[in-house]
Amino acid sequence: MDLTSPSTIKELRDRHNFRLSGSLGQNFIADRNVPERIIEGADIGEEDLVIEIGPGIGALTAAAAEIAARVIAIEIDERLIPVLRETLCSFDNVEVVNRDVLKTDIGEIISGEREKKSFSGAVRIIGNLPYYITTPIIMKLLEDDIDADSITVMTQKEVADRIRSGPGSKTYGAISVAVQYYCDVEKVLSVPKEVFVPRPKVDSTVLTLRPVRGKRLQLADEKTFFSCVRAAFAQRRKTLLNSLSAAGGMGKDEVRRILEKTGIDPGRRAETLSIEEFGLLANEVADGKAETKNERK
Ligand code: SAM
């Protein structure tokens, strides 16, 4: 059964009597080359564990199961579970979990599979992500510090552009800094909107994120780093002096003093700062907080 053929998708949909849900981001891949290219980009090997987010009717799942030692696919829509049981019935290395990925402890799934010794290679996370929650899914995987060797995901092109952007670009923002703090980012593939059923309004891009094990920056406090990044980009047209003081917590004089210490011009905007400069800034803010705490004692 070719799970990327529009007629197969239609036949399964009619026979199982369900409608594709726009609100769950159900745009299925309808080009047989795309799953293959995603699997290649994810560098899946025969000893690997694959965790797939949002299998749909199983096109990418089946392509992964052909190669990997074990595949766990997490799908929120219970109507798709009998479909997946049918489309994946020839694989004995696949398990479908009917859950919301945002409420799933993926770390626990991986350690359970390690204990069962169901794989001996790398952990690869893959998915054609539901567009309405792309950023929360990516941030959850990164913030939970999931023990994965790579994360290969298809997202809306605009989101992928933001994730890959560097300083000076219009699309550089909090998500670029956050993802690049955790990972090296590589573009795998552009996917035009014409190869999905139903056709979405926008094109897509597949990215591979490779977690940087030693962490890219020496941070005094990760939380302070992320709150500085968020505050600086919250009003991206403003200077750092204005955006950081507008966020509350620090007055203009304090922000000016901190920026002077780091050598960052208070007249610059967030979109010009490198990740390393955000690190310097966050460490000065954390230092200042620690000093104030000690003075109060
Ligand atoms: N992998 C299939 C493909 O590429 O053809 C389907 C991809 S479709 C863009 C996204 C899938 O994610 C849908 O099957 C949808 O039901 C599922 N999904 C949506 N929200 C989810 C969530 N919170 N947790 C798990 N799966 C979700």
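As shown above, the structure is provided for reference.
Before going into details, it helps to say that this report is about the structure given with it. (Residues numbered from 1 in each chain as written. Predicted model: local features only at pLDDT ≥ 70, side-chain atom pairs only at ≥ 80, totals over all residues. Heavy atoms only, no water.)

1. Quick look at the sheet that holds strand β4 (residues 94-98)
Backbone-to-backbone hydrogen bonds join strands into a sheet, with any given pair of strands oriented parallel or antiparallel. Pairing is mixed across the open sheet formed by seven strands, whose spatial order is β4-β3-β2-β5-β6-β9-β7. Because the sheet does not close on itself, it has two edges, and the strands there are β4 and β7 (183-191). Taking each pair of neighbouring strands and ignoring which way they run, the sheet shows an average axis angle of 20°. One ladder, built from six bridges, connects strand β6 (residues 150-156) with strand β9 (residues 204-211); its direction is antiparallel. Bridge assignment links T155 to a residue of β9, and that residue is T205. Sheet strands touched by helix α2 (residues 33-42): β5 (123-128), β6, β7 and β9. Its angle to β6, the strand with the most contacts, is close to 140°. (Pairing = 2+ DSSP bridges. Helix = DSSP H or I, 4+ residues; strand = E, 2+ residues; numbered from the N terminus. Axes fitted to C-alpha atoms, helices over the stretch in contact; angles between N-to-C directions. Contact = heavy atoms within 4.5 Å.)

2. Considering the site of the ligand
Neighbouring the ligand are 23 residues; G54, E75, D100, N128 and Y132 lie closest to it. In this structure, a nitrogen atom belonging to the ligand sits 2.8 Å away from a main-chain N or O atom of G54. Here a nitrogen atom of the ligand and a backbone polar atom of I76 are 3.3 Å apart. Protein coverage of the free-state accessible area of the ligand, which is 600 Å², stands at 99%. Looking at the shell around the ligand, the elements that each hand over two or more residues are β1 (28-29) and β3 (70-75). (Near = heavy atom within 4 Å. Polar contact = N/O pair within 3.5 Å; in protein donor to acceptor, adjacent residues only side chain to side chain. Areas by Shrake-Rupley, 256 points an atom, 1.4 Å probe, with all protein chains shown as cover.)

3. Things to note about the pattern of salt bridges
Where charged atoms of side chains with opposite charge meet at close range, the side chains can pair. According to the stated counting rule, one finds 21 salt bridges in the structure shown. Among the ionic pairs, R114 bridges to D147, the shortest N-O distance being 2.8 Å. Linking R114 in helix α5 (residues 106-116) with D147 in the loop between α6 (134-143) and β6, this pair joins segments that are 33 residues apart in sequence. Overall, the relative accessible area of 38% leaves D147 in the partly exposed class. A salt bridge links K193 to D203; the shortest N-O distance between them is 3.9 Å. Pair noted here: K193 is in the loop between β7 and β8 (196-197) and D203 is in the loop between β8 and β9, with a separation of 10 residues, a long-range link. (Salt bridge = Lys/Arg side-chain N within 4 Å of Asp/Glu carboxyl O. Buried < 20%, exposed > 50% of the residue type's maximum accessible area, 1.4 Å probe, protein only.)

4. Quick notes on helix α9 (residues 222-234)
Between its terminal C-alpha atoms α9 stretches 18 Å, which fits the 18 Å expected from 13 residues at 1.5 Å a residue. Along α9, the residues classified as buried are T224, F225, F226, C228, V229, A231, A232 and F233. (Expected span 1.5 Å × (residues − 1).)

5. Details of the side chain of S245
Tracing the backbone shows S245 in helix α10 (residues 240-246). Within polar-contact distance, the side chain of S245 engages the backbone oxygen of N242 at 3.3 Å. Beyond its immediate sequence surroundings of up to four residues, S245 is in contact with L240, M250, G251, K252 and V255.

6. Regarding helix α11 (residues 252-262)
Along an α-helix, a turn takes 3.6 residues, which lines up residues three or four apart on a common side. Inspection of α11 places V255, I258, L259 and T262 among the buried residues, and these make up the whole buried set. Considered in projection along α11, the buried side chains sweep an arc of 95° and stay on one side of the axis. The exposed residues of α11 that point more than 90 degrees off its buried face are D253 and E260. (Arc of directions from axis to C-beta.)

7. Some thoughts on the packing of α6 against helix α8 (residues 174-182)
The geometry of α6 relative to α8 is characterised by a closest axis approach of 10 Å and an angle of 35° between their N-to-C directions. For the pair α6 and α8, the crossing hand works out as left-handed. Of the residues in α8, those in contact with T135, I138, M139, L142 and E143 of α6 are I175, A178, V179 and Y182. Taken together, the residues of the contact of α6 with α8 sort by class into seven nonpolar, one polar and one charged. (Left-handed = near helix turned anticlockwise from the far one by under 90°. Nonpolar A, V, L, I, M, F, W, Y, C, P; charged D, E, K, R; others polar.)

8. Focus on the pairing of β6
The element β6 is extensively covered by neighbouring structure, given that six of its seven residues are classed as buried. Inspection of the sheet shows β5 paired to β6 by five bridges, in the parallel sense. Of the residues in β6, the one forming a bridge with I126 is T152. Taken together, β5, α6 and β6 form a β-α-β motif whose crossover is right-handed. (Right-handed = clockwise from strand over helix to strand, strands pointing away.)

9. A look at the side chain of T87
Within the secondary structure layout, T87 lies in helix α4 (residues 81-87). Reaching out from T87, the side chain makes a polar contact with the backbone oxygen of I57 at a distance of 2.9 Å. Ignoring any residue separated from it by four or fewer positions in sequence, one finds T87 in contact with M1, L3, L12 and I57.

10. Side note on unusual backbone geometry
Of note, the bond from V197 into P198 is cis; its omega dihedral lies within 30 degrees of zero at -15°. Among the secondary structure elements, P198 is positioned in the loop between β8 and β9. In this structure, D43 is a non-glycine residue whose phi angle is positive, near 60°. For D43, the location among the structural elements is in the loop between α2 and β2 (49-53).

11. Notes on the environment of L24
Within the fold, L24 resides in the loop between α1 (6-15) and β1. Along the backbone, L24 and I76 are 52 residues apart, and their C-alpha atoms lie at a distance of 8.6 Å. Sequence-distant contacts of L24, defined by excluding residues within four places in its chain, comprise I76, D77, P130 and Y132.

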